[in-house]
Amino acid sequence: MSSRGGTTGEVGGGRPAAQMASWHDGLAAPPRVLISPRPSDVSARGNVLSLRHPRSGDETGYLFIDGQLQEINWFKERYGSWFLGDYVCEDGGLYYCTPVDPIFIFLPTFEAARMSNGKDPGKFRQLDEILYVEGYPGYQQLMNVAGHHMELVCEVKEVANMKFFRLDDSKVLSWLCCKVHNLKEIFPKLGKNYAAQLEKEQLKEAVQMIREYLKDEPWLALLCKKLQLDTNEIINDATTKTNEASFCADSSPAPAPPSESKAANSSAKSSKGQPAKKPKVELGSKNIKDMFRRVTRSGSGS
């Protein structure tokens with residue numbers, strides 16, 4: 001099933017196996033809608049990998065397909081469903097994939113692997129050592145792309161046809177500055193609001209976007225120092241925007257469907273006569289581990 005400008009696959013899972021068996025024994029797991037950029041090979045099959053988010057360290061889902069790593073995000077309105085052929089998918093959540101530079105994902109792993117201490121730049125390590133992360137076998141599936149990308153930000157030594165890598169701070173900083181300036185060049189094309197910003201405001205906006213994939217120490221601090229920006233100001237502005245976005249999401253009105261009206265009225269008070277707590281509606285999540293467990297289809301026509 002395909003859509004314009006992307007590829008839609010069906011992702012299985014959504015509930016623990018014990019719960020699923022109680023209502024459709026022997027049947028396939030309910031489908032999930034997944035949209036991703038169209039691969040060059042229409043028969044390409046992707047793998048959903050669990051990796052650590054480069055900033056938070058939380059387990060996060062990524063799609064590796066056609067040699068490209070894509071970040072999986074989840075969007076869900078309060079009420080909605082999908083019509084998939086003759087099937088109605090009750091869960092109207094939408095998974096969508098966007099390409100992400102693997103260097104962001106590898107940075108924390110390579111930083112830890114070099115074991116630097118103070119002025120000591122650390123050790124050179126082989127890729128199979130660096131990408132062995134306990135509990136996250138997905139990193140090893142990226143072995144073929146890791147070397148090519150990380151050569152941009154690492155010192156590399158070759159001994160007896162074997163390559164050894166060590167993260168280099170100056171190369172990382174140059175790479176981050178390039179990312180920031182590339183973003184800043186795009187802003188004027190996004191609309192009048194961005195085009196009207198002063199150059200320093202555009203620079204701060206770009207750094208805030210990059211920060212979503214960086215730890216504040218050491219990389220954000222080093223980047224701000226290089227670009228002559230106030231680190232605390234970047235962090236405070238990003239926190240303010242996050243709080244405003246959360247407030248808008250929590251305060252958006254959503255009328256209850258008729259099927260839930262009676263239940264809502266009958267449970268408006270607890271057994272002690274006090275108002276019951278309203279259930280919290282989850283609007284979005286980047287962590288897909290508990291949403292589905294396996295891929296039944298990915299890519300176009302699969």
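This structure is a prediction, so every number in the text was calculated from the model and none was measured.

From N to C terminus, the chain includes 10 helices and 13 strands. Considering the chain as a whole, with its 302 residues, one finds that 37% of them fall into the buried category. Sequence separation of 24 or more characterises 60% of the internal contacts of the chain that already satisfy a separation of 6 or more. Accessible surface for the chain amounts to roughly 18400 Å². Of this, 52% is attributable to carbon and sulfur atoms.

Here we come to the pairing of strand 5 (residues 59-65). Taken across its 7 residues, strand 5 has 7 buried, putting it largely inside the fold. Side chains of strand 5 alternate between two faces, with E59, G61, L63 and I65 and T60, Y62 and F64 buried alike. In this structure, strand 4 (residues 47-52) lies alongside strand 5, joined through 6 bridges in antiparallel fashion. When the sheet's bridge partners are listed, S50 is paired in strand 5 with G61. What sits between strand 4 and strand 5 in their antiparallel hairpin is a turn of 6 residues, with G57 showing a positive phi close to 80 degrees. Bridge count for strand 5 against strand 6 (residues 68-75) is 4 bridges, and the pairing is antiparallel. Across the sheet, the residue bridging to F64 is L69, located in strand 6. The turn joining strand 5 and strand 6, which pair antiparallel and follow one another in sequence, is formed by 2 residues; a positive phi near 60 degrees is taken by D66.

Attention now moves to the nonpolar core. Judged by nonpolar contacts, the single largest core of 48 residues is most densely connected at F110, L167, L176, V207 and L223. For L223, the residues in contact, after removing those within four places along its chain, are L173, L176, C177, V180, V207 and I210.

Here we come to the pairing of strand 10 (residues 154-159). Two strands pair when backbone bridges link them, and strand 10 and strand 11 (residues 162-167) are joined in this way by 6 bridges, in the antiparallel orientation. Looking at the pairing, C154 lines up with L167 of strand 11. Connecting strand 10 to the antiparallel partner strand 11 that follows it, the hairpin turn spans 2 residues, and A160 within it adopts a positive phi of roughly 55 degrees.

In this section: the state of the cysteines. Applying the stated rule across the entire model yields 0 disulfides. In this model C177 remains outside any disulfide bridge; the closest cysteine sulfur is found in C178, 8.8 Å from its own.

Our focus in this paragraph is the pattern of salt bridges. One pass over the structure, following the stated rule, counts 11 salt bridges. A salt bridge links E151 to K163, with the nearest nitrogen and oxygen atoms 2.8 Å apart. With a gap of 12 residues between them, E151 in the loop between helix 4 (143-150) and strand 10 and K163 in strand 11 connect regions that are remote in the sequence. Under the relative-accessibility criterion, K163 is labelled partly exposed at 37%. Where E199 meets K184, a salt bridge forms, and the shortest distance between an N and an O atom there is 3.6 Å. Taken together, the positions of E199 in helix 7 (residues 199-211) and K184 in helix 5 (residues 169-186) put the pair 15 residues apart, joining distant regions of the chain. For E199, a relative accessible area of 57% corresponds to the exposed category. In this structure, a network of salt bridges that share partners links the residues R55, R211 and D216.

On to unusual backbone geometry, then. The peptide bond linking E217 to P218 adopts the cis configuration, its omega dihedral lying at 5 degrees. Looking at where P218 falls in the secondary structure, it is placed in helix 8 (residues 216-227). Even without a glycine there, the phi angle at M115 is positive, about 50 degrees. Note that M115 resides in the loop between helix 2 (102-114) and helix 3 (127-130). The exposure class of M115 is partly exposed, given its relative accessible area of 45%.

Our next topic: the environment of G92. By secondary structure assignment, the location of G92 is in the loop between strand 8 (87-89) and strand 9 (94-99). Along the sequence, G92 and G80 sit 12 residues apart, while their C-alpha atoms lie 4.7 Å from each other. For G92, the residues in contact, after removing those within four places along its chain, are K76, G80, S81 and W82.

With respect to the helices and strands, the residue V180 is situated in helix 5. Note on V180: relative accessible area 0%, which makes it buried. For the pair V180 and I210, spaced 30 residues apart in the sequence, the C-alpha separation amounts to 7.2 Å.

Each value, and the rule that gives it
Every chain begins its residue count from 1, and numbering advances along the sequence as written. Residues qualify for local features only when their pLDDT is at least 70, as the model is predicted, and side-chain atom pairs are given and counted only at 80 or more; totals for whole chains, interfaces and linings, by contrast, use all residues. Only hydrogens and water are removed before side-chain values are computed, so all heavy atoms of the structure are retained for them. Secondary structure is summarised from DSSP: a helix means a run of H or I of at least four residues, a strand means a run of E of at least two, and numbering begins at the N terminus for each. Note on classification: 1.4 Å probe, protein chains only; a residue is buried when its accessible area is under 20% of the maximum for its type, exposed when over 50%, partly exposed between these limits. It only takes one pair of heavy atoms within 4.5 Å for two residues to be counted as in contact. Surface accessibility follows the Shrake-Rupley procedure with a 1.4 Å probe radius. Residue values consider only the protein chains on display as shielding. Criterion used throughout: strands pair if DSSP finds at least two bridges between them. The criterion is simple. A nonpolar core is a set of buried Ala, Val, Leu, Ile, Met, Phe, Trp, Tyr and Cys residues joined through side-chain atoms within 4.5 Å. Two cysteine sulfurs form a disulfide in these notes if their separation is within 2.5 Å. Criterion for a salt bridge: a side-chain nitrogen of Lys or Arg within 4 Å of a carboxyl oxygen of Asp or Glu.

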